[in-house]
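Remarks on the overall topology
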Amino acid sequence: MAGTDTLLTGKDTLLAVADSLAGTDSLTVADSLSGVADTVAAAWTDRVYGSVAGYVHNLDLLSILRMVGMSLAVILILFALSKATRHLFIVIDRRLLDHRGSWFKGIRFRNIDILSSAQLTKAALFVSRVLRYAIYALLLYIALPLIFAIFPATRSLAGTLFSWIVTPVISMLQGFIAYLPKLLRIAIIIVIMRYILKFLKYVAQEIEAGRLVIPKFYPDWAHATYTLLRIFMIAFTIVLIFPLLPESESAVFRGVSVFIGVLFSIGSSSVISNMVAGMVITYMRSFRVGDRIKVGEVYGDVVEKTLFVIRIKTVKREVITVPNSSILSSNIINYSIEAQEKGVILSQDVSVGYDVTWRRAHELLISAALKTEYVLHDPKPFVLTKTLADSAAVHQICVYTNNPEFQARIYSEMNLHILDIFQSEGIEMVVPLYEVLRQDNSKVLPEEYGKK
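Residues numbered from 1 in each chain as written. Predicted model: local features only at pLDDT ≥ 70, side-chain atom pairs only at ≥ 80, totals over all residues. Heavy atoms only, no water.

**Focus on the overall build of the protein**
The criterion, for reference: Under the scheme used here, helices are H or I runs from DSSP no shorter than 4 residues and strands are E runs no shorter than 2 residues, and both carry numbers assigned from the N terminus. Think of it in three bands: with a 1.4 Å probe and only protein chains considered, a residue is buried below 20% of the maximum accessible area for its type, exposed above 50%, and partly exposed in between. Residues count as neighbours in contact if any of their non-hydrogen atoms are within 4.5 Å of one another. Throughout, the Shrake-Rupley method with a 1.4 Å probe supplies accessible areas, and for residues the shown protein chains are the sole cover considered.
Helix and strand content of the protein: 14 helices and ten strands. Expressed as a percentage of the 452 residues in the protein, the buried residues total 27%. Residue pairs in contact within the protein that sit at least 24 positions apart in sequence constitute 57% of those at least 6 positions apart. As displayed, the protein has an accessible area near 30,500 Å², and 65% of this comes from carbon and sulfur atoms.

This is the structure:
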């Protein structure tokens, strides 16, 4: 440093002499410059002697032993920190294994196991191992520049190694500090939107529970409306946050965004159509969860209703998933809307021969219907004569019930009662072809009915 200061002083002196000698004769200028040159040479000589003296000083035995000792101390500290790190992570891994039953219970979505407890434990142990090796690498990377800095010949290499860490870290910190205002705006937007969604969810729950009544707004619309508003609010939040994201103005970021948008628009057409159909079906109020419905050839109880599909459990306990777009384009028969208040009508066609008067046929059919479980006595069952065919009159027995979910059971039991009553009264339930082909006038009746 002394040599450098001397050089700077010599330079300033040279410039001052040149200014002061402007306009003087050449001999005087030469003498002055010669004196300045001697000063600069002396400065360089002092600097060289200083460097040589320092180098010789570092080569003596005491200096070498001191540098070796400092290097060994750094190595011992590195070894101790490595051992402590290894012991710490052994304890962490043991605690992860001991508490895996309570800390890692698995991740489930509805009835699907996404990640089991064993898989989560294995992932946690893997993260622990990666962190341990990362700490080992960091300790080694810090120790090497420290050792290089001890020896004069490798000090420049130590500075280079430190710069590889310090320069990116400083750059990252500067970028983070510069990004803090935008990050604060993003946080404020997210917090505001979150509390708006909480308020909307609270209002929807109050409407759904019947504690908040809005004229001409049905309670079963609450959840669907909240879901629609939630999707809109999330999309609006993304639109607000997008310009504040890092590198959002770069061409690469925009290209990836456009590519994702194109993929989404191409691959999600059916998803969007099902979602729109789900919203339309909800506001149509065609059915609710628990209703007995018939959609096309599918007949059963609605067990789940989502934005994309509904699930219907048939009388055979088969769960059928039907897309909402298919439902919207089909006729929906709901057996449960009027069932509890007025009762739903179930009907069954019965062909009765012309040897039985219509009055007697009506009376017997009503009697059989009244013996059937889940059939209401008020309103009373009634009979319609639908058609007069070539060989028999077709009567339709109509009954009221508040339990359309037992429809198959009602039909079966009512048919059995019809057979019992008609055959007990000596009325055959045979096809016309059999009547033509039989040889005598004897009636075909079960023995238990013939004996009565």
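**Focus on the pattern of salt bridges**
The criterion, for reference: Salt bridges are identified by distance alone: a Lys or Arg side-chain nitrogen within 4 Å of an Asp or Glu carboxyl oxygen.
Counted by the stated rule, this structure contains seven salt bridges. Between Glu304 and Arg311 there is a salt bridge, and its shortest N-O distance comes to 3.0 Å. For Arg311, a relative accessible area of 28% puts it in the partly exposed group.

**Focus: the packing of aromatic side chains**
Operational definition: Here is the rule: rings of Phe, Tyr and Trp (six-membered ring for Trp) pair when centre to centre is within 6.5 Å. Planes less than 30 degrees apart are stacked, more than 60 are edge-to-face, and the remainder are tilted.
Summed over all chains, the structure comprises seven aromatic pairs. On the basis of an interplanar angle of 80° and a centroid distance of 5.0 Å, the ring pair of Tyr218 and Trp221 is categorised as edge-to-face. Owing to a relative accessible area of 38%, Tyr218 belongs among the partly exposed residues under this scheme. By relative accessible area, Trp221 is classed as buried at 14%.

**Notes on the packing of helix 5 (residues 117–150) against helix 6 (residues 155–209)**
Selection rule: In this description, a line fitted to the C-alpha atoms serves as the axis of each element, helices being fitted only across the stretch in contact, and the angle between N-to-C directions of two axes falls anywhere from 0 to 180 degrees. With respect to orientation, any angle under 35 degrees is reported as roughly parallel, any angle over 145 as roughly antiparallel, any angle of 65 to 115 as roughly perpendicular, and every other angle as oblique. Handedness of a crossing is defined here by the sense of rotation of the near helix relative to the far one, left-handed for an anticlockwise turn of less than a right angle and right-handed for a clockwise turn. When residues are grouped by polarity, Ala, Val, Leu, Ile, Met, Phe, Trp, Tyr, Cys and Pro land in nonpolar, Asp, Glu, Lys and Arg in charged, and all others, Gly among them, in polar.
Where helix 5 meets helix 6, the closest approach of the two axes is 7 Å, and the angle between their N-to-C directions is 150°. Here helix 5 lies roughly antiparallel to helix 6, going by the angle between them. For the pair helix 5 and helix 6, the crossing hand works out as left-handed. Contact with helix 5, carried on its side by Tyr141, Pro145, Leu146, Phe148, Ala149 and Ile150, involves Arg155, Leu157, Ala158, Leu161, Phe162, Trp164 and Ile165 of helix 6 and no other residues of that element. A per-class count over the contact of helix 5 with helix 6 returns twelve nonpolar, no polar and one charged.

**Some remarks on the environment of Ile75**
Here Ile75 is to be found in helix 3 (residues 61–98). In this structure, the C-alpha to C-alpha distance between Ile75 and Ala143, residues 68 residues apart in sequence, is 7.4 Å.

**Side note on the nonpolar core**
Condition: Side-chain atoms within 4.5 Å are what join buried Ala, Val, Leu, Ile, Met, Phe, Trp, Tyr and Cys residues into a set we call a nonpolar core.
Core analysis: the biggest nonpolar cluster contains 21 residues, and Val352, Leu365, Ile397, Val399, Met414, Ile418 and Phe422 have the highest contact counts within it. Counting residues per element, the ones that place at least two in this core are strand 8 (344–353), helix 11 (358–370), strand 10 (392–401) and helix 12 (407–424). Contact partners of Ile397, with chain neighbours within four places excluded, come to Leu346, Ser347, Gln348, Leu365, Ile366, Ala369, Pro381, Phe382, Val383, Met414 and Ile418.

**Remarks on the sheet that holds strand 6 (residues 319–323)**
Inclusion rule: One bridge is not enough; two strands pair if DSSP finds at least two bridges between them.
The strand order across the open sheet formed by five strands is 6-5-4-3-7, and the pairing between neighbours is antiparallel. Strands at the two margins of the open sheet, each flanked by one partner only, are strand 6 and strand 7 (332–334). Between one strand axis and the next, the sheet turns through 40° on average, direction left out of account.

**Remarks on the pairing of strand 5 (residues 309–313)**
The sheet contact formed by strand 4 (residues 298–305) and strand 5 spans four bridges and is antiparallel. Across the sheet, the residue bridging to Glu304 is Arg311, located in strand 5. Where strand 4 folds back on strand 5, the antiparallel hairpin that results is connected by three residues. In sequence, strand 5 turns back onto strand 6 through a hairpin of five residues, with Arg317 there showing a positive phi of about 65°.

**Quick notes on the side chain of Thr314**
Among the secondary structure elements, Thr314 is positioned in the loop between strand 5 and strand 6. Setting aside residues no more than four positions away along its own chain, Thr314 makes contact with Tyr299, Gly300 and Ile320.

**Remarks on the confidence of the model for the protein**
What counts is decided by this rule: Confidence per residue, as judged by the predictor, is encoded in pLDDT with a range of 0 to 100.
Confidence in the prediction of the protein, expressed as mean pLDDT, is 79, and 76% of residues score 70 or more. Of all secondary-structure elements in the protein, the lowest mean pLDDT belongs to helix 1 (residues 2–20), at 49, while helix 11 reaches the highest, 93. Predicted confidence for residues 1–8 stays below pLDDT 50, and this span has eight contacts to residues more than four positions away or in other chains.

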